[in-house]
Amino acid sequence: MKYFIKTYGCQMNVADSGGMEKGLLARGWERGESVDGAGLVVVNTCSVREHAESKAMSFVGELVERRQKGEDFRIIVAGCMAERMKDTLKKRFPLVDLVVGAKDIKRFAKLIENIPGVIPADKKSEVSEPSGISAFVTIMRGCENFCSYCIVPYVRGPEVSRPADEIIEEITARAANGAKEVTLLGQNVNSYHGKSANGATAFPELLEKINAIPGIERIRFMTSHPKDAGDELIKAVTRLPKVCEHVHLPLQSGSDKILAAMNRGYTLAGYSKVVNALRAACPDVSITTDILIGFPGETQEDFEQTLRAVNDIQFDFIFAFKYSPRPGTAAAAKPDDVARDVKEKRHAAILSSLNGIATQKNATLLHTEQEVLVEEKRAGQWVGRTRTNKKVFFESVLVLTGKTVLVGIKRTKINSLYGTFIKIAG
Ligand code: SF4
């Protein structure tokens, strides 16, 4: 019997889907590539923006309609929206077989056994860790920062760090299965504090332990919170050879007034200090960010401060989002008073700024040699990433999956580099 998992949202959800997949494989299920022919469909949902929720909701609606028309498969709705809207989902879609909220996702394998007749319980067996060059490993769940716009603390609960030994064990197994790169996931990785045999382990120590795992060549992590990104983290990035020179550090706004209203816990000056320290210690570091546009009360002057910050800091990439109120958060109690067309205009202005900055930054890599970890071949071209997380395309007749190679950069664009293969790095 086949299953199909549709995942919405962040890398954390992708990692959660991987965990659910393991539970299904261990119970004798096989992976399917689409809803067609699947006996079980899992929709792993996101709640972080209204748009993400409506997309997941309409997908669930389509599945239910197919069931009503006589198709025979089970439906499970999981993740953040499932947590937030448990009762609504059950009422609106009685044909959904199971709702597993984000807080229960670790119990997914147990919970699915409650679907009558679906899970062949006698086929339980251990499955090995998934293969693949890049492994996404969750090191902590939840968040207790309560940024005023964010639903995560409500749907994922308070911060819980996984024990360090368990993480090391998982990464060691992934490395044995071919992983060369690991991305550590958490809402706020800098505040990681996991138990280990020798007491508590903080994030820099965890990085150190992972740095010692044979087979792992690169370590990435996200997301860092600017208020917790201290000297220890900067030292780890510069001192540990496997930790990549890329930090995703969400700024959200360049206006101190808006940052305070967002409850972010830093000012623009504090944020810039972290960026300057990172760049002083590691001049090649690439810094990417999130910007939230149109937060309640954001005036044109506030927005211009954000735009100035974007131009001053010169980010390598920006994920820009338009604010939408999330019911139950502190910000949702305020009027959503930035008009939609104003949000659109501000969003376009940020993207246009990014366009100029990223194009210019990538152009400085022209005619350089870059070390690229090759992930896969796509449409006849090899695709991999630099240590600074820039995507590189090149051609070669060699089989290069999982190899670290040197590529001479011949052409650059806003979010990718194109080059020629030089050699496999020694
Ligand atoms: S740090 Fe803030 S934005 Fe990030 S998950 Fe926690 S509450 Fe949400």
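Since the structure is predicted, the reported quantities are computational estimates derived from the model, not experimental observations.

For the rest of this paragraph, the subject is the site of the ligand. In the region of the ligand, the neighbouring residues are C143, N145, F146, C147, Y149, C150, V152, P153, Q187, H225 and R264. Of the residues contributing to the shell around the ligand, the split by class is 7 nonpolar, 3 polar and 1 charged.

In terms of domain boundaries, the protein breaks down into domain 1 (2–123), domain 2 (134–363) and domain 3 (369–424). Relative placement of domain 2 and domain 3: their C-alpha centres are 26 Å apart. Counting residues at the interface gives 22 residues for domain 2 and 18 residues for domain 3. Summing the contributions of domain 2 and of domain 3, the shared interface buries around 1500 Å²; its carbon and sulfur component is 43%. Our count for the domain 2 to domain 3 interface comes out at 2 salt bridges. The partner of K390 in a salt bridge is D316, with the nearest N and O atoms 2.9 Å apart. Across the contact surface, domain 2 and domain 3 share 15 residue pairs in polar contact (both at pLDDT 80 or more). By residue number, the principal contributor to the side of domain 2 that touches domain 3 is helix α13 (residues 340–363), which donates 6 residues. A per-class count over the side of domain 2 that touches domain 3 returns 7 nonpolar, 6 polar and 9 charged.

What follows covers the nonpolar core. Membership of the largest hydrophobic core comes to 55 residues, with the highest contact counts inside it found for L184 and F203. The contact partners of F203, leaving out residues within four places of it in the chain, are I139, L184, V189, N190, Y192, F221 and L233. Counting 24 residues, the second-largest nonpolar core is a separate cluster that includes F59, V64, F73 and M81.

Spatial strand order, β2-β1-β3-β4-β5: 5 strands in an open sheet with parallel pairing. For this open sheet the edge positions go to β2 (30–31) and β5 (98–101), each flanked by a neighbour on one side alone. Relative to β5, strand β4 (residues 74–79) runs parallel, the two sharing 4 bridges. Paired with V77 across the strands is V99, a residue of β5.

Our focus in this paragraph is the pattern of salt bridges. On inspection of all chains with the given rule, the structure shows 31 salt bridges. With its nearest N and O atoms 2.6 Å apart, the salt bridge here joins D16 to R141. Remark: R141 occurs in strand β7 (residues 140–141) and D16 occurs in helix α1 (residues 11–26); sequence separation between them is 125 residues. When its relative accessible area of 5% is taken as the criterion, D16 is described as buried. When salt bridges that share partners are traced, they join R162, E166, E170 and R174 into one network.

Each pocket or cavity is described by its volume, and for the second largest pocket that value is around 300 Å³. Around the second largest pocket sit 15 residues that line it, and D284, V285, L365, T388 and K390 are the ones nearest its centre. Structurally, the lining of the second largest pocket is a two-domain feature, drawing no fewer than three residues from each of domain 2 (134–363) and domain 3 (369–424).

What counts, and at which threshold
Residues numbered from 1 in each chain as written. Predicted model: local features only at pLDDT ≥ 70, side-chain atom pairs only at ≥ 80, totals over all residues. Heavy atoms only, no water. Near = heavy atom within 4 Å. Nonpolar A, V, L, I, M, F, W, Y, C, P; charged D, E, K, R; others polar. Domains from an automatic or database assignment. Contact = heavy atoms within 4.5 Å. Buried area = accessible area lost by both parts, 1.4 Å probe. Salt bridge = Lys/Arg side-chain N within 4 Å of Asp/Glu carboxyl O. Polar contact = N/O pair within 3.5 Å; in protein donor to acceptor, adjacent residues only side chain to side chain. Helix = DSSP H or I, 4+ residues; strand = E, 2+ residues; numbered from the N terminus. Core = buried A, V, L, I, M, F, W, Y, C linked by side-chain atoms within 4.5 Å. Buried < 20%, exposed > 50% of the residue type's maximum accessible area, 1.4 Å probe, protein only. Pairing = 2+ DSSP bridges. 1 Å grid on protein atoms, 1.4 Å probe; cavity = no way out; pocket = protein on both sides within 12 Å on 5 of 7 lines; lining within 4 Å. Points joined across faces, edges and corners; volume = space filled by probe spheres on them.

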